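# Secondary and tertiary structure notes
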Amino acid sequence: DGDGFVVAGSVAIDDNWFVFVDYSSAEFDFSIDFDRWSAGAGWNSAISDKTDWFVTASFVDAEIGAPGFGSVSESGIGASLGIRSMLSPKLELAGAVRYSDPEEDTAVRGEIWYTVTGNLALGFAADFGDELSSYGLGLRLYFDK
């Protein structure tokens, strides 16, 4: 059990390609710290006028540490396959299956986002993995709207 935060961003390269980076940090019971960052690229394509599917590949670095035991860091690859859909002009639903090599973890992720204004959305996300499950509230800023 623990608490933490995530900071993430992505930029479209063209209509189908994008790059992304994210960093997360969490502190669990017994002062166990977990830090992770990833950077990668993704491709998306329309299924319909309101729904896209996407695939990503990334480099991932994860570090876990505990007082008196030091820390261990491991790097590897990450990948995901997902779908996202605009249920209405203000409501987006997304889901993905993700794999991360350093944690040897496969997870299912679900997200819901509500656009408050043209460039601000509030969201909720949940990850359910083999090794770790997480829940979070988010804020998304759009710079192109």
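This one's a predicted model, so the numbers in the text were calculated from it and none came from an experiment.

## Observations concerning a negative patch on the surface
Negative charge collects at one region of the surface, where D1, D3, E27, D29, D33 and E63 lie side by side. Here D29 is to be found in the loop between β2 (17-28) and β3 (32-46).

## Things to note about the sheet that holds strand β8 (residues 120-129)
On the basis of which strands lie adjacent, the open sheet formed by nine strands has the order β1-β2-β3-β4-β5-β6-β7-β8-β9 and antiparallel pairing. Two strands lie at the open edges of the sheet, namely β1 (2-12) and β9 (133-141), each paired on one side alone. Each strand of the sheet is rotated relative to its neighbour by a mean of 20°, with strand direction disregarded. Across ten bridges, the pairing between strand β7 (residues 105-117) and β8 is antiparallel.

## Overview of the pattern of salt bridges
On inspection of all chains with the given rule, the structure shows eight salt bridges. Where E92 meets R140, a salt bridge forms, and the shortest distance between an N and an O atom there is 3.0 Å. Within this pair, whereas E92 is found in strand β6 (residues 91-100), its partner R140 is found in strand β9, the two being separated by 48 residues in sequence. Residues E92 and R140 agree in their burial class; the two are buried. Among the salt bridges present, the one from D127 reaches R109, with a minimum N-O distance of 2.3 Å. Linking D127 in strand β8 with R109 in strand β7, this pair joins segments that are 18 residues apart in sequence. D127 gets classed as buried once you look at its relative accessible area, which sits at 7%. Accessibility expressed as a relative area gives 21% for R109, which makes it partly exposed.

Rules used in this analysis
Residues numbered from 1 in each chain as written. Predicted model: local features only at pLDDT ≥ 70, side-chain atom pairs only at ≥ 80, totals over all residues. Heavy atoms only, no water. Patch = residues over 30% accessible without salt bridge, like charges linked within 9 Å, V, L, I, M, F, W, Y side chains within 5 Å. Areas by Shrake-Rupley, 256 points an atom, 1.4 Å probe, with all protein chains shown as cover. Salt bridge = Lys/Arg side-chain N within 4 Å of Asp/Glu carboxyl O. Lys, Arg positive; Asp, Glu negative; His and termini not counted. Charge placed at Lys NZ, Arg CZ, Asp CG, Glu CD. Helix = DSSP H or I, 4+ residues; strand = E, 2+ residues; numbered from the N terminus. Pairing = 2+ DSSP bridges. Axes fitted to C-alpha atoms, helices over the stretch in contact; angles between N-to-C directions. Buried < 20%, exposed > 50% of the residue type's maximum accessible area, 1.4 Å probe, protein only.

Keep in mind these values describe shape, not function.
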